Amino acid sequence: MATAANTVTAAGAPKDGAPPAPAKTLSGIVKQVLSGDTLVIRATKGAPPPEKQITFSHVLAPKLARRPGAGGDETKDEPWAWESREFLRKKLIGVEVTFTFDKPANSNREYGFVWIGKDKETGENVVESIVREGLVSVRREGRPTPEQQTLIELEDQARAAGRGKWSHNVNAVDKVRNIKWAHENPAHIVDIYGGKPVKAIIEHVRDGSTVRAFLLPDFHYITLMISGIRCPGVKLDADGKPDLSVKVPFADEARYYVETRLLQRDVEIRLESVNNSNFIGSILYPKGNIAESLLREGLAKCVDWSMAVMKTGADKLRAAERIAKEKRLRQWQDYQAKTPAFNSKEKDFGGTVIEVFNGDAINVRLFNGHVKKVFFSSIRPPRDQRAVVGTDGEEIVKAPPRGKNYRPLYEIPHMFDAREFLRKKLINKKVTCNLDYISPPRENFPEKYCYTVLIGGQNVAEAMVAKGLATCVRYRQDDDQRSSAYDQLIAAEQQAIKGLKGLHAKKDNATLRVNDLTVDHSRIKVQYLPSWQRALRSEAIVEFVASGSRLRIFVPKDSCLVTFLLAGISCPRSSRPALNGVPAQEGEPFGDEALTFTRERVLQREVSVHIDTTDKAGSAVIGWLWTDSGANLSVALVEEGLAEVHFSAGKSEYYRLLKSAEDRAKAAKKNIWVNYVEQVEPEEKVVVEEEKDEKVVVERKVNYENVIVTEITETLTFFAQSVENGPKLETLMSKLHADFQGNPPIAGSYTPKRGDLVAAQFTFDNQWYRAKVERIQGSNATVLYIDYGNKETLPTNRLAALPPAFSSEKPYATEYALALVALPADNEDKEEALRAFSEDVLNHKVQLNVELKVAGAPNLATLHDPTTKVDFGKQLVAEGLVLAEKRRERKLKDLVDQYRAAQEAALAAHLAIWKYGDITQDDTPEFR
């Protein structure tokens, strides 16, 4: 290496005639080996202690290479120079030694002998040892002293034995290193090692956080800045040279600390980045990462910019620095914590996300029902590009104000993308919030509680930054008010910048063009309403809930924002706060409850809507809305007693559902019906209506539909799919399977409830299908696969929220009851009947005719063979497997008679259940 040893000329004992100076004996610790014949020995006391350079008497070692610019031109090793230096380094570094020295009158160096240990009488003579190994030459001029004569004899023995440089079997060229002093492309060297630890020797310590080292075995000579930290260093003068007259607190102590642990020690270096021609990396020594040790002792401080390049261990550096701060060690002796104390309720909690704000905050409903606003720590959402931003990320000049209809969510590039990322990932999901700091109030904004938010163990802020949907806040180095995962955020941002993601993309960031129909009403009827009316259902996102029945929705397909009114109901008005000079308004009874009910079910959720018309002013649309679980929101509000049926619902297909829901709410005296008293209609009117119904004569209609029976239940109902809808079902299933394969749900992130429309992973093939939750039992749920009719009980972690795009279509399997028949009471007879029915129709293409529609129950239907036209129900009766049911509907009279005749024939022939006679004699009258 390039040290003072490289300029040493041949040295030894004083020449004849010069009076020898008296030799002094001292002890110390070997700090550094400059060459095969020169050591630096430090005292055992002091921090840093005094040092002395000792050159061995009577010997001369091969010269080590000198790097260019180090006081001269580049030179190469003399053969065996490295081996002689290494012999001493491995034997002596950090070892206590005893040494004698004297300084000849005509020399600037001090020469002497060195013994290992405290006693030179019993310790190993190091000079004799290196001569014995054949790694140095003994000076032979002049009259030899006794010590010199001993060295000459040892050299002769080494020559005779062919040791070291006296070997005859080793080519001297092979003992010369090929040192790479400079690197044209340092980043390429980093890539070669790929972040893996590489063996190295520390050759020089410039300051506590900067060293020079050889990377082995290729002898790359590098200047290394230790990742993640900075130690106090020497001040530079106006010419950029070290100014030793200025003492920097703790600079010498930090350098000494590193020297005693790393200088000329075997270490491992993990290269992580470059800074100009210097490398950045971590140094691992037997006791761990030297950066952690320096931080723990208060001799270094964390540095954000280099910590961002660390592959691992940044959190350990922060923890080590916190220890030094708490103990007020060295650089932190005057440290005062700026982070206020938090109570346990504020610090950590869990809850369900119910609302997402514009990319930097969420509302979380705690398990006790309270709602808390949570800001993400240390990140900034996309911002107005007209603002002038400084290098630290702070706005130097704020963007000029916009008009009153300005909507930052849509007009700031990537703001909508950030909000959508959070909405899809978090809404109605359980999260854990860990408080990092409280940002003080400023510019008329209140204080902000800033948290690290985790979902399924993943840091949400880090995920946003990694996608380029947020940036990291830059802090002063001594500012502790930051995220506990700040280093991971910085690393994620660097990866996003490197990948040109989101905000960091080179292309212009275009705003989202939105047609705001809440302001421009003129285009609703002319441009959009006709297509919305034709659509069976449209997908939308609920952006705002003004009251129980008034919402603002965003329709992605048309990029429209429109006010939406729930059809068929009248909802009590909610209270309104004072705003822009308008006084506060009190709400109607249960208006706020209706508002809360609607917000909890649809705010920022993906929903399906069918739009019927507009209000009188043409400023809002009126229609029906289905939640992400498939519930009709109008019906749900009425069922809960938070709305009443409006007269306009009379012509709607949902009128019966609404009236039934309202009747149930009245009967239960829910909310607005709490004081409801049922009015009894005059009996005469009922009689008239009944007489009127009696006069209606309905003929039996035959309208065969080709179906496939997919499931048969133990009560003789069955599920059937229309053959005509088969291609549509296959397309739906293909899209559903592809969607879940591309975006698999997080196991356990969804909590199902009874009645939910969900996606369920079928046990047989592990594919996802649409299903309805019928029952929850602990960690298991019983579901009905609505497109096939089969049921299954499976763990709730195999259920997931069904994307709204798949919830709008009606079930493809419809349940029917086999008309005009009933199962026998005996269990064995039931099993035989079900077996026979399954053999006839299950998974077969048959013809179905609905004979009677039944409110609140499966419709009664008959099944027929498409070729022979055989009625499978009547055939079961004729074979004596089931009983014929006697019904009194006039339109079914002829069909009932046929079934009864078939039953009489089976009874006469004593078939199956009639084997021992008439089993209906003691049964209910309807079977007689």
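Scoring rules and cut-offs
Residues numbered from 1 in each chain as written. Predicted model: local features only at pLDDT ≥ 70, side-chain atom pairs only at ≥ 80, totals over all residues. Heavy atoms only, no water. Helix = DSSP H or I, 4+ residues; strand = E, 2+ residues; numbered from the N terminus. Rg over C-alpha atoms; globule rule 2.2 N^0.38 Å. Buried < 20%, exposed > 50% of the residue type's maximum accessible area, 1.4 Å probe, protein only. Areas by Shrake-Rupley, 256 points an atom, 1.4 Å probe, with all protein chains shown as cover. Lys, Arg positive; Asp, Glu negative; His and termini not counted. Charge placed at Lys NZ, Arg CZ, Asp CG, Glu CD. Contact = heavy atoms within 4.5 Å. Domains from an automatic or database assignment. Buried area = accessible area lost by both parts, 1.4 Å probe. Salt bridge = Lys/Arg side-chain N within 4 Å of Asp/Glu carboxyl O. Polar contact = N/O pair within 3.5 Å; in protein donor to acceptor, adjacent residues only side chain to side chain. Pairing = 2+ DSSP bridges. UniProt positions renumbered as here; feature names shortened; annotations may be inferred. Expected span 1.5 Å × (residues − 1). Phe/Tyr/Trp six-rings, centres within 6.5 Å; stacked < 30°, edge-to-face > 60°. Axes fitted to C-alpha atoms, helices over the stretch in contact; angles between N-to-C directions.

## Some points on the overall build of the protein chain
Next, step 1: Within the protein chain, the secondary structure is distributed over 22 helices and 45 strands.
Next, step 2: For the protein chain, whose C-alpha radius of gyration is 44 Å, the value lies well above the compact-globule estimate of 30 Å for 928 residues.
Next, step 3: Along the first, second and third principal axes, the C-alpha atoms of the protein chain reach 150 × 80 × 45 Å.
Next, step 4: Counting all 928 residues of the protein chain, 46% fall into the buried class.
Next, step 5: Surface exposure of the protein chain reaches about 48300 Å², of which carbon and sulfur atoms provide 50%.
Next, step 6: Measuring between centres, the 131 positive side-chain charges of the protein chain sit 6 Å from its 128 negative side-chain charges.

## Quick notes on the side chain of histidine 737
Next, step 1: Following the sequence through the fold, histidine 737 ends up in helix H19 (residues 726–742).
Next, step 2: Judged by relative accessible area, histidine 737 falls into the buried class, the value being 19%.
Next, step 3: Non-local contacts of histidine 737, meaning those with residues more than four positions away in its chain, are made with Gln767, Trp768 and Tyr769.

## Comments concerning the domain arrangement of the protein chain
Next, step 1: Considered domain by domain, the protein chain is made up of domain 1 (24–175), domain 2 (186–332), domain 3 (365–385 + 408–504), domain 4 (515–575 + 589–673) and domain 5 (700–721 + 812–927).
Next, step 2: Placing the centre of domain 3 and that of domain 4 at their C-alpha centroids yields a distance of 33 Å.
Next, step 3: Summing both sides of the interface, domain 3 and domain 4 together bury roughly 760 Å²; the carbon and sulfur share of this comes to 49%.
Next, step 4: It is Tyr410, Arg423 and Ile427 that lose the most area in domain 3 upon contact with domain 4, and together they represent 57% of the buried surface on that side.
Next, step 5: Where domain 3 packs against domain 4, one counts 2 salt bridges.
Next, step 6: Across the pair glutamate 543 and arginine 419 runs a salt bridge, and its minimum N-O distance is 2.7 Å.
Next, step 7: At the boundary of domain 3 and domain 4, one finds 5 residue pairs in polar contact (both at pLDDT 80 or more).
Next, step 8: Those elements that place two or more of their residues in the side of domain 3 that touches domain 4 are helix H10 (408–411) and helix H11 (415–426).
Next, step 9: Ranked by residues supplied to the side of domain 3 that touches domain 4, first place goes to H11 with 5 residues.

## Quick look at the pairing of strand S32 (residues 621–626)
Next, step 1: In terms of burial, S32 is a largely internal element, 5 of the 6 residues being buried.
Next, step 2: Direction of pairing for strand S29 (residues 560–566) relative to S32: parallel, over a ladder of 3 bridges. Paired with leucine 565 across the strands is isoleucine 622, a residue of S32.
Next, step 3: The pairing of strand S31 (residues 606–614) with S32 spans 6 bridges and is antiparallel.

## Looking at the UniProt feature "domain: Tudor" (unreviewed entry) in the protein chain
Next, step 1: With numbering matched to this structure, UniProt assigns "domain: Tudor" (unreviewed entry) to residues 751–809.
Next, step 2: As annotated, residues 751–809 has a helix share of 0% and a strand share of 49%, and its two end C-alpha atoms lie 23 Å apart.

## Some points on the pairing of strand S28 (residues 550–555)
Two faces make up the sheet, and in a regular strand the side chains alternate between them.
Next, step 1: Here 4 bridges tie strand S27 (residues 538–545) to S28, and the two strands are oriented antiparallel to one another. Within S28, the residue paired with phenylalanine 544 across the bridge is arginine 552.
Next, step 2: Count of turn residues in the S27/S28 antiparallel hairpin: 4 residues.
Next, step 3: Bridge count for S28 against S29 is 6 bridges, and the pairing is antiparallel.

## Comments concerning helix H8 (residues 314–327)
Next, step 1: For H8, with 14 residues, the first-to-last C-alpha span of 20 Å sits near the 20 Å given by 1.5 Å per residue.
Next, step 2: Here the buried face of H8 lies against strand S11 (229–230), strand S14 (288–289), helix H6 (290–296), strand S15 (301–302), helix H7 (304–307) and helix H13 (486–498).
Next, step 3: Remark: arginine 328 follows H8 within two positions and exhibits a positive phi of approximately 55°.

## Re the packing of aromatic side chains
Next, step 1: Evaluation of the coordinates by the stated rule reveals 26 aromatic pairs.
Next, step 2: On the basis of an interplanar angle of 25° and a centroid distance of 5.5 Å, the ring pair of tyrosine 528 and tryptophan 532 is categorised as stacked. Residue tyrosine 528 and its partner tryptophan 532 are both found in helix H14 (residues 522–534); the two are separated by 4 residues, about one turn of the helix. Here the two residues tyrosine 528 and tryptophan 532 agree in accessibility, since each one is buried.
Next, step 3: When the ring of tyrosine 769 is compared with that of tyrosine 785, the centres are 6.2 Å apart and the planes differ by 90°; the resulting orientation is edge-to-face. Of this pair, tyrosine 769 sits in strand S37 (residues 768–777) while tyrosine 785 sits in strand S38 (residues 780–785), and the two are 16 residues apart along the sequence.

## A short note on the UniProt feature "domain: TNase-like" (unreviewed entry) in the protein chain
Next, step 1: The sites that UniProt annotates as "domain: TNase-like" (unreviewed entry) are residues 24–168, 196–334, 347–506 and 536–675.
Next, step 2: With 27% helix and 34% strand, residues 196–334 has end C-alpha atoms that lie 39 Å from one another.

## Examining the sheet that holds strand S3 (residues 51–56)
Next, step 1: An order of S1-S2-S3-S6-S5 is seen for the 5 strands of this closed barrel, with the pairing classed as mixed. Within the sheet, the average angular offset between the axes of one strand and its neighbour, ignoring direction, is 50°.
Next, step 2: Examined bridge by bridge, strand S5 (residues 96–102) and strand S6 (residues 111–116) share 6 bridges and lie antiparallel to one another. Counterpart to threonine 100 in the pairing with S6 is phenylalanine 113.
Next, step 3: Sheet strands in contact with helix H1 (residues 81–92) are strand S1 (24–35), strand S2 (38–42), S3, S5 and S6, and its direction is about 125° off that of S1.

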